[in-house]
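# Working through the structure, step by step
What follows is each chain in one-letter form.
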Amino acid sequence: MLNTQDILETIKMIREENLDIRTVTMGISLFDCISDDPARLEAKIYDKITTSAKRLVEVAEDLERTYGIPIVNKRISVTPISYVGAGLSPDGFVRLAHMLERAATTLGVNFIGGYSAHVQKGAIKGAEALVESIPQALAETEHICSSVNVATTKAGINMDAVKRMGEIIKETAYLTRERDSIGCAKLVVFANIPEDNPFMAGAVHGIGEPDTVINVGVSGPGVVAAAIKEAGDCDFSALADTVKKIAFKITRVGQLIAAEAARRLGVPYGIVDLSLAPTPAAGDSVAEILENMGLERCGTHGTTAALALLNDAVKKGGVMASSHVGGLSGAFIPVSEDRGMIEAVERGVLSLEKLEAMTAVCSVGLDMIAIPGDTPASTISGIIADEISIGVVNTKTTAVRVIPVWGKDVGESAEFGGLLGYAPIMPLRQDSCERFISRGGRIPAPIHSLKN
Amino acid sequence: MKAVVTVTGKDKVGIISAASAECAKYGVNIIDISQSVLKEYFAMIMLVELDGLKVDFKSFAVGMEEMGKESGVDVRVMHEDIFNSMHRI
């Protein structure tokens, strides 16, 4: 029989330390929906999604019950819509967004990701039109997530796209100004976007993926924080081992759910994403993990080193627990979604510059950060350019999801609700980067991209 | 299919009897059982065989949880594979 202590440990992780499966995400290819008739394209997309994912929520809920572990989100990622609707006008893309919204409502899923474009070297017509449609599409829908990949290590950085995305973020903030500019929480700008990421807002179903696939994202910051607390004042080798062991256990649950969900739905299993994803709930914080390692508060000196150790140990522990690892795979540091991060910002310990440094050693980037509503578009583009450079030069994924909260300034906070949490508005540098951003063109790929 | 039933809470007379009676009601066979009492805290773990289950898994799990609420203890029914996955390589 199973060991009593092991059973009680699992129960404690779920009941007291918020262990959950953060998301079961079904990737669905929409390439077979392409049509030159917009109405037919919309109808085919609706049918493909609602048919492929018909049982997704039901199966996920059955798995929750059978294995006794919460599955927080049931989501869908689709082929980047800019490819599928390459001939559409911006208005046509907005109509398509409404059709995706109807599919999400019909299925009862939490989000559909893939209202996306890849423009790292330049934009096809469909990508240009989709980017133009983003503010309206996000303002008029609830469940649609958008992402734009503006750079890769191979292609360099498309600075025209970086400039445009600063403006698009501002427009999105304005159109959703009644709700603290929440539209920007559903929009993320990437470098080196992964094609199998199950997490929002950046989930897309890449063009090299199978027709349908199941990807699973695990969670468990509370479990890691508790294990570190229990380990006490051990040295760094023992600390890393503690994280590895607990990450192995967390990931094994993700692997079990991924394999079983794929089997029951009759679709291939794709990957498990080894990410520590926090929530605003007490005891579900990545900042708390770092503080349990010995930092008085997240953001102080030593934070980047602590995060680097955590991120590496999570991967080392997780990779043996899963047959296929992918997605973003790293600790997330979304400010508004992590109670410890929020407190650290409120106390002035955690700054934007520190967060930027932290993203060099973990996934994913400057995430869920509220900034003043009157921030110039060029400054937002500057923030994007800095963060994207870290990804391009270090051959990793980085991303920016900032919210210029319309009508609000430093000292106030934005309330997004639910898992998106709330965020104190962070101060930015006042000096302009407009001349730099306005140059246009591309920043060339770094020398180490030439590996062949 | 096998499941693990855990019963935790404050120790009181008749918990094992109530849990095993509920299992019998659903046609569930108890394969193994262990219990420990630490101070007043009670933890019982039963490994059960569900091949003879008269209802679906959800109804059995909900029934057991309801029984737990009536007895003032926390009852969980979970497929054994979650424990095997986490604790065995």
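The structure we're discussing is the one just above.
Now for a look at the structure at hand. Computed from a predicted model, the values in this text were never measured in an experiment.

### A few points about the overall build of chain B
Across its full length, chain B carries three helices and four strands. Scanning chain B from its N terminus toward the C terminus, one meets helices and strands in the order β-α-β-β-α-β-α. Compactness check: chain B gives a C-alpha radius of gyration of 13 Å against a globular reference of 12 Å for 89 residues, within 12% of the reference. Residues classed as buried in chain B amount to 48% of the 89 residues present. Surface accessibility of chain B: about 4,500 Å² in total, with carbon and sulfur atoms responsible for 52%.

### Overview of the sheet that holds strand β1 (residues 2-10) of chain B
Residues and elements named next belong to chain B. As summarised here, the arrangement of the four strands in space is β2-β3-β1-β4, forming an open sheet in which the pairing is antiparallel. Each having just a single partner strand, β2 (29-38) and β4 (73-79) make up the two edges of the open sheet. If you compare each strand with its neighbour and ignore which way they point, the axes differ by 15° on average. Alignment of β1 against β4, held across seven bridges, turns out to be antiparallel. The residue bridging Thr8 from the neighbouring strand is Asp74, located in β4. Taken strand by strand, helix α2 (residues 57-71) contacts β1, β3 (41-49) and β4, and its axis lies near 165° from that of β4. Contacting β1, β3 and β4, helix α3 (residues 80-87) crosses the sheet at an angle of about 80° to β4.

### Here's the deal with the interface of chain A and chain B
Facing the 24 residues of chain A at the interface are 32 residues of chain B. Summing both partners gives a buried area of about 2,500 Å² for chain A against chain B, and 69% of it is carried by carbon and sulfur. On the surface where chain A and chain B come into contact, there are two salt bridges. Here A:Arg65 and B:Glu65 are joined by a salt bridge, their closest N and O atoms 2.7 Å apart.

### Side note on empty space enclosed by the protein
Residues and elements named next belong to chain A. Under the definition given, this model contains one cavity of 30 Å³ or more. Approximately 40 Å³ is the volume found for the largest cavity. Residue lining of the largest cavity: Val218, Ser219, Ala247, Ile250, Thr251, Leu274, Ser275, Leu276 and Val314, and that is the complete set. Of the residues forming the lining of the largest cavity, the biggest block, three residues, is contributed by helix α9 (residues 236-265).

### Examining a negative patch on the surface
A cluster of like negative charges, contributed by A:Glu58, A:Glu61, A:Asp62 and B:Asp56, occupies part of the molecular surface. Summarising the element assignment, B:Asp56 is placed in the loop between β3 and α2.

### Structural notes on the packing of aromatic side chains
Residue and element names in this part refer to chain A. Under the definition given, this model contains four aromatic pairs over all chains. With a centroid separation of 4.8 Å and an interplanar angle of 85°, the aromatic rings of Phe199 and Phe332 are classed as edge-to-face. One end of the pair, Phe199, is in the loop between β6 (187-191) and β7 (212-218); the other, Phe332, is in the loop between α11 (303-319) and α12 (339-346), and 133 residues separate them in sequence. Accessibility expressed as a relative area gives 5% for Phe199, which makes it buried. With a relative accessible area of 9%, Phe332 lands in the buried category.

### Side note on the layout of surface pockets
All names here are of chain A. Taken as a whole, the largest pocket encloses approximately 490 Å³ of empty space. As for the largest pocket, its lining consists of 32 residues, and the residues nearest its centre are Arg75, Met200, Ala201, Glu337 and Arg401. Of the residues that constitute the lining of the largest pocket, the class distribution is 19 nonpolar, seven polar and six charged.

### Remarks on the nonpolar core
One finds A:Ile49, A:Ile76, A:Tyr115, A:Val150, A:Ile214 and A:Leu310 to be the most contacted residues of the largest nonpolar core, which totals 146 residues. The element that contributes the greatest number of residues to this core is α9(A), accounting for 13 residues. Judged by nonpolar contacts, the second largest core, of 22 residues, contains B:Val5, B:Met44, B:Val48 and B:Ala61.

### Considerations on the environment of A:Ser329
All names here are of chain A. Tracing the chain through its elements places Ser329 in the loop between α11 and α12. With 57 residues separating them in the primary sequence, Ser329 and Val272 have C-alpha atoms 8.4 Å apart. Beyond its immediate sequence surroundings of up to four residues, Ser329 is in contact with Val272, Asp273, Leu274, Ser275, Lys315 and Ser363. From its side chain, Ser329 meets the backbone nitrogen of Leu274 in a polar contact 2.9 Å long. A distance of 2.7 Å separates a polar side-chain atom of Ser329 from the backbone oxygen of Gly326.

### Looking at helix α1 (residues 15-25) of chain B
All names here are of chain B. Within α1, burial applies to Ile15, Ala19, Glu22 and Cys23. The buried side chains of α1 occupy one side of the element, clustering within an arc of 100° when seen end-on. The exposed set on the far side of α1, more than 90 degrees from its buried face, consists of Ser17 and Lys25. The secondary structure elements touched by the buried residues of α1 are β1, β2, β3, α2 and β4.

### Considerations on unusual backbone geometry
Residue and element names in this part refer to chain A. In this structure, Ala201 follows Met200 across a cis peptide bond, with omega equal to 10°. Here the amide bond leading from Ser363 into Val364 is cis, since omega sits at 0°, within 30 degrees of zero. One can find Val364 in the loop between α13 (352-358) and β9 (365-372). Its identity as a non-glycine residue notwithstanding, Ser181 has a phi of 60°, on the positive side.

Criteria and cut-off values
- Residues numbered from 1 in each chain as written.
- Chains lettered and ligands numbered in written order.
- Predicted model: local features only at pLDDT ≥ 70, side-chain atom pairs only at ≥ 80, totals over all residues.
- Heavy atoms only, no water.
- Helix = DSSP H or I, 4+ residues; strand = E, 2+ residues; numbered from the N terminus.
- Rg over C-alpha atoms; globule rule 2.2 N^0.38 Å.
- Buried < 20%, exposed > 50% of the residue type's maximum accessible area, 1.4 Å probe, protein only.
- Areas by Shrake-Rupley, 256 points an atom, 1.4 Å probe, with all protein chains shown as cover.
- Pairing = 2+ DSSP bridges.
- Axes fitted to C-alpha atoms, helices over the stretch in contact; angles between N-to-C directions.
- Contact = heavy atoms within 4.5 Å.
- Buried area = accessible area lost by both parts, 1.4 Å probe.
- Salt bridge = Lys/Arg side-chain N within 4 Å of Asp/Glu carboxyl O.
- 1 Å grid on protein atoms, 1.4 Å probe; cavity = no way out; pocket = protein on both sides within 12 Å on 5 of 7 lines; lining within 4 Å.
- Points joined across faces, edges and corners; volume = space filled by probe spheres on them.
- Patch = residues over 30% accessible without salt bridge, like charges linked within 9 Å, V, L, I, M, F, W, Y side chains within 5 Å.
- Lys, Arg positive; Asp, Glu negative; His and termini not counted.
- Charge placed at Lys NZ, Arg CZ, Asp CG, Glu CD.
- Phe/Tyr/Trp six-rings, centres within 6.5 Å; stacked < 30°, edge-to-face > 60°.
- Nonpolar A, V, L, I, M, F, W, Y, C, P; charged D, E, K, R; others polar.
- Core = buried A, V, L, I, M, F, W, Y, C linked by side-chain atoms within 4.5 Å.
- Polar contact = N/O pair within 3.5 Å; in protein donor to acceptor, adjacent residues only side chain to side chain.
- Arc of directions from axis to C-beta.

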